[in-house]
Amino acid sequence: MGKGFFISKTVGILGIIAGVGALATIIALSVVYSQEKGKNNNQNEEQTTSKPPTTTPIPSNKPWDKYRLPKNLVPETYNVTLWPRLTPDPTTGLYTFLGSSVVDFECVEDTDLILIHSNKLNYTEFENQLARLMSVSSVEAPAIKSSWLQGVTQYLVLELDGTLKKGHKYRLYTEFIGELADDLGGFYRSEYMEDGEKRVMATTQMQPTDARKSFPCFDEPAMKAYFFITLIHDRGTTALSNGKDIVFERTEKMSTYLLAFIVSDYDSIGNSIDGVEIRIFARRSAIAAGQGQYALNKTGPILKFFEQYYNATYPLPKSDQIAIPDFNAGAMENWGLITYRETALLYDEAFSSNSNKEKIATIIAHELAHMWFGNLVTLRWWNDLWLNEGFASYVEYLGANNAEPEWNVTDLIVLGDIHRVFAIDALASSHPLSSKEEDIQTPAQISELFDAISYSKGASVLRMLSDFLTEDVFQLGLRSYLSAFSFGNAVYTDLWYHLQKAADSSKLELPDTLDNIMNTWVLQMGFPVVTINTGTGSVSQQHFLLDPEAVVTTPSPFNYQWIIPIKWMMTGNMQNPLWLTSKSAMKATQDQWVLANVNMVGYYRVNYDDDNWAKLLDVLQSNHQVRQRMIVNVAQILDDAFNLARAKIISTVQALNTTKYLSNERDYIPWKAALNNLDFFYLMFDRSEVYGPMQDYLVKKVSPLFEYYKQMTDNSSKVPDGHMDQIHPNLRSTVYCNAIAAGGKKEWDFAWSQFIKNDSTAIESDKLRYALSCTKQPWLLNRYLEYTLDPDMIRKQDATATIVDIASNVVGQSLAWDFVRARWSYIFSQYGGGSFSFSNLVNGVTKRFSTEFELQQLKQFKADNSDVGFGSGTLALDQSIERTIANIKWVEENKENVLDWFTTEANAQ
C-alpha cells in the first residue's frame, strides 16, 4: 500500500498541515535544528578537551532564572498537533517531529511577562518573535516585545509591550520542531526488529519534567488543563493518546506529566468491562504469540477492584496499555494510556516464570491504582511525590491479591518494600518522606525523589496507617479525600484531614491527632528500634542507625522520637494493641515469650532481652505449628536480628544463630529473608577465606529443602530436559547463569547469539541478558561492559542494569567499578540526565566495598566528577560512602568470629 499520512483528529482552528508547504517547513526547520545541534555538539566537544574555569553564577531575581513558574497565568485548554517522522530526514539524517500548539490561559494577576516551559525545541519566528499572542476576551492582547529560550531553567520567555489584565483570557500560538531522539524522555523514538526489519515508533515519557520537550507547556503538576491532541501519522500506523481515537476526545482536566501520545505499527487485543474499553498494544509478533492475554485478563478485574476500593467509577472511557521496547521506567501511569517495559506487561507461558507473572500483576495494579490516586487527584508539587508513589506501592499488593487470590501476594510487601527500604533509611544520609516545597526546585532535584524512600517507605508507612486506623476507616477517609479533590490537586495533610474525619465519625480512639502521629513518620528521616525487656516489662525506642557511630546532621523536629503503634502477642496469643508511651509494659513470665510488631505492620525494628531472644529461637526450632501461623514474623525475626547485629545492638553470632532452624523451613518468605541477609556476608567475604566454610554451612541448611522439592517434583522428572526452549520457565535464569559461569567463550557467544536474535520475547531476552553477566572470564565481562554503551548491542533502558549485574559477579565487581569511573562523563551525558536508574547504578557497583582503599576511591570519584554531576544518583553516592565506612568497621570487628562460627557449624553433626 502506498504511503501517505492520517490526521488523528479534526485539526480545527489550527488548519491542516499538508503538501509542499509542510515538507518545506519540515526541511527548513530540520536544517536549522541540525545546525543548532551541531553547535551544541561542538561546544560539548570543546568542554571535554579543555575544561573551562569554574565560575559561580551571579544570583538573579529575574523570573526566568527561577525554576518555579509564577502563579499569574493559569492554563485552561491546549490544542496540540504533532507530526513524528519515523524515517530520518534525507537532508540532515535526523529523526524529528513537527508541532504546533495553541494554549488558552487566564491571567489571574496583571503581568507583562509570559513564562512557559520549553526544552530542546526550535521555534518558527513570527515577525521576529517565537510565538503569537491573541486575546480571547474583550481586551486587546499586547504585542510581544522580545522572546528567547532560557536554557538552564527551560523556559520560552516572552516579554510584552503592555500588560495582560487580570480576569481576561489569552491564546498563545507556537510552531516548533524537535528531535525524535532515542533518549527515553519527552517525545522520543524506540526501535525494534520484527520479521528481520527495523521498526521505529514514536512514544513518550513525560514524568516528571519532560512534557516541555514535546511542546511548550506550563509543566507543573498543579497546572492542570484540558488537552486536544492531534497526531499526523503515516498510513499503516496507529496513533494513540489519552483520549479515545481515532478522533482524540478532549481529555479530562489533567497534569502535563500524565500526557502520552504514540505512533506505531503495533497490533492489539481488547475487551470491555461495564462500558470501559480495555486494550493491550504490543509488537505484532508478541500479540500473535498471545503475550498480551494475561494482562488483558487481569486488567478488568483489577479496575473493578479499585472502583470498589475507592467507591468511585473509573473516570475514563478506555484503558489502553502498551509495551514499549525502549522504556526507562518500569511503567508509567499516563491517564488512559499506560506505558510499560515489555517485561512488565507481556507474559509468555513458555518463557515467563511465576515471579515474572507476579511482577506483571503487581505492576498493572500499581499503575491502575494511580488512575484515581495521582491522576484524578494529583500532588500539588513534587515534594509530596512519596504520597503518590507510596500509596500505589501499597495498594498494588491489594489489587494483585484480588486478581490472583491464591498467591497470598500481600505478604510480599515485607520483602519487596519494608526490608528493602530499611537498608537505606537506616543511614544517616537518608531523608524524610516529605521535603519542603522550596527545597525541591530543579529537574535534577525532582528526579532524585524517585527513590526507595518515596516508593517503599511511603508504602510501608501507609500500610501501618491503614492497619492502626483499620482498613474500613482508612477507606472511608480515602474516599472522602478523592471526592473532595477530584480533578484537582492536594497536599499530604489534606489526606490526613479526611482520615481524621473518618476516625472521628467511627469513634476510633487515637493517642493524638492523626496529623501529629503521622508527622513523626513523614517529617523526619529514619525509623526506630523498639526495645522490650520482658523481665521488667519496660519498652523504649531509639533512632536505628546501621552505623551507631554515624553523625546525624539532619535536624529532626521530633528529636528522632516516633508515636508508635504496637501489635503484639504473648506465647502465640494476640494481646490488645498499644501505643508506645512511658507506661507501656510487656512483661512475661519464665514460661512466656513476647513477639511484637505482629505481621510486621509497623515501620520499625524490635529488639528483646536475651532470654526472650532465646525463647523465640526455640519456637523457630521446635514449634512448627506456631511458626506456620507467623510466617511474616519469622522473616522479621531473621531480618531484625541481622540488622541489629550490624548496628552492634546484639552480637553477630546471635544473629547467625537464627539461621540454625532453616533445616526445618519450607516457606519462601523466611528463606528469602535469610538469604537476603546472608547475601551481605557473601558481599563482605566472597573474596576471603570465610567463603568456603560459609558455603559448606549453607549447603547443609539448604539440603533438606532440596530433598523436599525433589520429592514434590518427582525427582525433577516433571521438568523436561533437552534444548534451551524446553527448560522450565522457573529454572531458566538459574540454568542459564550457571551454564555460562561454568563455560567459556563458546558458551558465552552462544548465549549472546540467542540474545541478539531473540526479538519476540522480551522476558527471555532479559533472562539471557542477566545470564551473560555470570561468566567467570574477566575479558568477556570487560567486553560485555563495552557493549552496555552501544545501544545497538544493549538497549539504553538496560544499560545501567547490565552494569549492576556485572558488578554483582565477584569477578566483575572491580571491572564494573573501573569501567564506571573511567566512563562516568559519557555515561552520565548519555544515560543520566533524567534517568531514575542512576541511584541503582551507584549503589550496585559499590555494594561490595569494605576496604579503606575502596573508600578512598569512592571519595575521589565524587570529587573528580563534581562538575559532571550524578543526577538521581547524588544521594545514593553519599549513602554508598556511609555504607562503605560501616562495612569497613563491621568486617574488622566480625571477620574472625564469623569464620569461627561458620567453621564450627558446618562441621557440627
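- In the nomenclature of an unreviewed UniProt entry, the protein is known as Aminopeptidase of Astatotilapia calliptera.
- The annotation that UniProt attaches to the protein under Subcellular location (unreviewed entry) is "Cell membrane".
- UniProt lists a comment for the protein under the heading Subunit (unreviewed entry), and it reads "Homodimer."

**Concerning the overall build of the protein**
Now for step 1: Across its full length, the protein holds 26 helices and 29 strands.
Now for step 2: Its C-alpha radius of gyration of 29 Å places the protein within 12% of the 29 Å reference for a compact globule of 909 residues.
Now for step 3: Overall, the C-alpha framework of the protein stretches about 90 × 70 × 65 Å when taken along its three principal axes.
Now for step 4: In the protein, which comprises 909 residues, the share counted as buried stands at 58%.
Now for step 5: Accessible surface, the protein: about 36500 Å² in total, of which carbon and sulfur atoms supply 50%.
Now for step 6: Computed over 80 positive and 106 negative side-chain charges, the inter-centroid distance for the protein is 1 Å.

**Quick notes on the sheet that holds strand 8 (residues 155-164)**
Now for step 1: The 3 strands are arranged 4-8-7 in an open sheet whose pairing can be described as antiparallel. The strands lining the two open edges of the sheet, one partner per strand, are strand 4 (111-117) and strand 7 (144-150). Averaged over all pairs of adjacent strands, the angle between their axes in this sheet comes to 20 degrees, without regard to strand direction.

**Some words on the packing of helix 6 (residues 413-425) against helix 8 (residues 452-469)**
Now for step 1: Running from N to C, helix 6 and helix 8 point in directions that differ by 120 degrees, and their axes come no closer than 9 Å. Looking at the two axes, helix 6 sits oblique to helix 8. The hand of the helix 6/helix 8 crossing is left-handed. For the pair helix 6 and helix 8, contact is made by Ile413, Val414, Gly416, Asp417, Ile418, Arg420, Val421, Ile424 and Asp425 and by Ala452, Ile453, Tyr455, Ser456, Lys457, Ala459, Ser460 and Arg463, respectively.
Now for step 2: Considering only residue class, the contact of helix 6 with helix 8 consists of 9 nonpolar, 3 polar and 5 charged.

**Some details on the packing of helix 5 (residues 385-403) against helix 9 (residues 471-485)**
Now for step 1: Two numbers describe how helix 5 lies on helix 9: the axes approach to 15 Å, and their chain directions differ by 130 degrees. In terms of orientation, helix 5 lies oblique with respect to helix 9. By crossing handedness, the relation of helix 5 to helix 9 is classed as left-handed. Between helix 5, through Leu387, Phe391, Tyr394 and Leu398, and helix 9, the contact on the second element is made entirely by Glu471, Phe474, Leu478 and Tyr481.

**Some details on the packing of aromatic side chains**
Now for step 1: Scanning all chains against the criterion turns up 66 aromatic pairs.
Now for step 2: Seen from their ring centres, Trp64 and Trp148 are 5.0 Å apart, and the 85 degrees between their planes marks the pair as edge-to-face. Here Trp148 lies in strand 7 and Trp64 lies in the loop between helix 1 (19-49) and strand 2 (73-84), a separation of 84 residues in the sequence.
Now for step 3: Judged by relative accessible area, which is 13%, Trp64 ranks as buried.

**Some words on the environment of Asp112**
Now for step 1: Structurally, Asp112 is set in strand 4.
Now for step 2: For Asp112, a relative accessible area of 44% translates into the label partly exposed.
Now for step 3: Asp112 sits 33 residues away from Lys145 along the chain, and the two C-alpha atoms are 9.8 Å apart.
Now for step 4: Asp112 has contacts with Leu158, Glu159, Leu160 and Gly162, leaving out every residue within four places of it along the chain.

**Here's the deal with the pairing of strand 3 (residues 96-107)**
Successive side chains on a regular strand alternate, one facing one side of the sheet and the next facing the other.
Now for step 1: Taking burial as the measure, the 12 residues of strand 3 include 11 buried ones, the bulk of the element.
Now for step 2: Across 11 bridges, strand 3 lies against strand 9 (residues 169-179) in antiparallel orientation. Note on strand 9: the bridge partner recorded for Ser100 is Glu175.

Definitions and limits used
- Residues numbered from 1 in each chain as written.
- Predicted model: local features only at pLDDT ≥ 70, side-chain atom pairs only at ≥ 80, totals over all residues.
- Heavy atoms only, no water.
- UniProt positions renumbered as here; feature names shortened; annotations may be inferred.
- Helix = DSSP H or I, 4+ residues; strand = E, 2+ residues; numbered from the N terminus.
- Rg over C-alpha atoms; globule rule 2.2 N^0.38 Å.
- Buried < 20%, exposed > 50% of the residue type's maximum accessible area, 1.4 Å probe, protein only.
- Areas by Shrake-Rupley, 256 points an atom, 1.4 Å probe, with all protein chains shown as cover.
- Lys, Arg positive; Asp, Glu negative; His and termini not counted.
- Charge placed at Lys NZ, Arg CZ, Asp CG, Glu CD.
- Pairing = 2+ DSSP bridges.
- Axes fitted to C-alpha atoms, helices over the stretch in contact; angles between N-to-C directions.
- Parallel < 35°, antiparallel > 145°, perpendicular 65-115°, else oblique.
- Left-handed = near helix turned anticlockwise from the far one by under 90°.
- Contact = heavy atoms within 4.5 Å.
- Nonpolar A, V, L, I, M, F, W, Y, C, P; charged D, E, K, R; others polar.
- Phe/Tyr/Trp six-rings, centres within 6.5 Å; stacked < 30°, edge-to-face > 60°.

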